[in-house]
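Chains, contacts and geometry: an overview
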Amino acid sequence: MGPVGCGKGLLFAHTLSHVLSELVLFTLDVRMVRETTRPIIRHHDDIAMYCREGEMQNTWEVFSSALDALGLALNTSKTGSCWVGTPLNPELETVVTGDATWRALTLEHDGTWRVNQEVLDLLVRPVRRTAPILRLVTEYNRQLRLVLGHIGPVCRALGEAHSDQVTAVLQEAEQRMCAGQSLVELLREELMVRFGEHVDPSLLVEGWFYWPQAAGGLFAEHGLMRTVCKKRALQAKSVPDFELPRAPEHWDRFLAAFREKGTVGYHSFVEELRDAEKASKRPKTVDTIVDTTKEVEIDVEMCTRK
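Residues numbered from 1 in each chain as written. Predicted model: local features only at pLDDT ≥ 70, side-chain atom pairs only at ≥ 80, totals over all residues. Heavy atoms only, no water.

1. Here we look at the side chain of Thr-106
By the element assignment, Thr-106 lies in strand S4 (residues 105-107). Thr-106 gets classed as buried once you look at its relative accessible area, which sits at 3%. Ignoring any residue separated from it by four or fewer positions in sequence, one finds Thr-106 in contact with Asp-99, Ala-100, Thr-101, Thr-112, Trp-113, Arg-114 and Asn-116. (Helix = DSSP H or I, 4+ residues; strand = E, 2+ residues; numbered from the N terminus. Buried < 20%, exposed > 50% of the residue type's maximum accessible area, 1.4 Å probe, protein only. Contact = heavy atoms within 4.5 Å.)

2. Structural notes on empty space enclosed by the protein
This model, assessed by the stated rule, comprises 1 cavity of 30 Å³ or more. Roughly 40 Å³ of internal volume is contained in the largest cavity. Around the largest cavity, the lining residues are Gln-117, Leu-120, Val-124, Val-169, Glu-172, Ala-173 and Arg-176. For the lining of the largest cavity, the secondary structure elements donating two or more residues are helix H3 (117-123) and helix H5 (160-177). Ranked by the residues each element gives to the lining of the largest cavity, the list is headed by H5, at 4 residues. For the lining of the largest cavity, the per-class residue count stands at 4 nonpolar, 1 polar and 2 charged. (1 Å grid on protein atoms, 1.4 Å probe; cavity = no way out; pocket = protein on both sides within 12 Å on 5 of 7 lines; lining within 4 Å. Points joined across faces, edges and corners; volume = space filled by probe spheres on them. Nonpolar A, V, L, I, M, F, W, Y, C, P; charged D, E, K, R; others polar.)

3. Quick word on unusual backbone geometry
Positive phi outside glycine occurs at Ala-179, with the angle close to 55°. Counting through the fold element by element, Ala-179 comes out in the loop between H5 and helix H6 (183-195). A residue is classified by how much of its surface remains accessible, and Ala-179, at 59% relative accessible area, is exposed. Residue Phe-219 is not a glycine yet carries a positive backbone phi of 60°. Its location among the elements puts Phe-219 in the loop between helix H7 (206-210) and helix H8 (223-236). Assessed through its relative accessible area of 43%, Phe-219 is described here as partly exposed.

Shown next as C-alpha cells:
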C-alpha cells in the first residue's frame with residue numbers, strides 16, 4: 001500500500017496533535033497568563049478569549065505580539081469577536097472583525113447563541129429512498145448526529161433560547177431529510193411498498209422504528225425526544241440560591257492574588273472564600289469554586305516551573 005496523503009492542519013483528538021500544539025503554543029499560554037488579566041482558553045490550535053471593557057485592546061496586542069514572535073498568524077476566515085451588551089467604546093468592536101462562532105452557532109450581542117442556517121444547509125441532504133431500509137436508517141442517523149454535533153447540546157450554558165432553536169432545527173432537519181415527512185412515515189411507506197404482502201400495517205407501531213436492532217427494531221435516532229427530555233429536566237431543576245454573576249469577581253481576585261504572592265496568595269484566597277461561604281451558609285458555591293481553582297493552580301504552577 002502506498003503513502004496516504006492528508007490535508008493541512010492537525011488531526012483532531014490525536015496524541016501527535018497534542019504534542020505539536022503544546023510544543024509551539026505553550027509559551028503563548030504562559031505569556032498571556034503573565035501579561036494580561038485574562039488567560040486564553042485553548043484546545044489544540046483553537047483559541048478563545050474573553051475580556052471586560054477596557055481590557056480588550058491590551059489583551060489583543062499581547063496576543064498578536066506573542067503570535068508574531070512564534071512566527072504564527074491567525075486564520076482570518078475563522079476569527080471573529082462579539083461584545084455582549086453595549087460597549088463603552090464602540091471603536092473596540094473593530095479590533096477583530098467577523099462573527100464569534102462555534103460550529104453552527106453565532107454569538108449575539110444580547111448573549112444568546114443563534115443557529116447559522118447556512119451551515120445547516122451544507123449538512124442536511126435528503127436520504128436515498130432507493131437504499132436498503134437499514135442503510136437508509138443509518139444515513140438518517142449519521143446526518144442527525146452531525147446536526148446535533150454542530151448546534152450544540154441543550155444545556156444551561158447555551159441558554160433557553162438555544163434549546164428552543166435546537167427543537168426547531170431538528171424538526172426542520174427531519175422534514176428535509178425525509179422529503180417533507182417524518183422518518184416514521186417515510187419508513188412505513190417504503191416497507192409497505194417493498195414488503196406489503198408480508199407486512200401487517202398494525203404491527204408497525206412508532207416505537208418499533210426506534211427499538212434496537214438486536215431486539216428486532218430499526219434503531220432509528222430520535223434526537224427530538226432526547227432534546228425535549230433534557231430541556232424539561234433543566235426546567236425542573238431549582239435555580240441555585242447564589243448569584244452566578246458574582247463568579248467573575250472571584251476569578252479576578254484569584255488571578256490578582258496569584259500574581260502578587262504566587263501559591264501563597266492562592267491558598268489565602270481559598271481560605272477567604274471558605275470563611276465567607278460559611279458565614280453566608282452557602283457551602284455549595286464554595287466547593288465549586290475551590291475545586292475549579294485547584295485545577296487552575298496546577299496549570300499555572302506548571303507554567304511557573306517551566
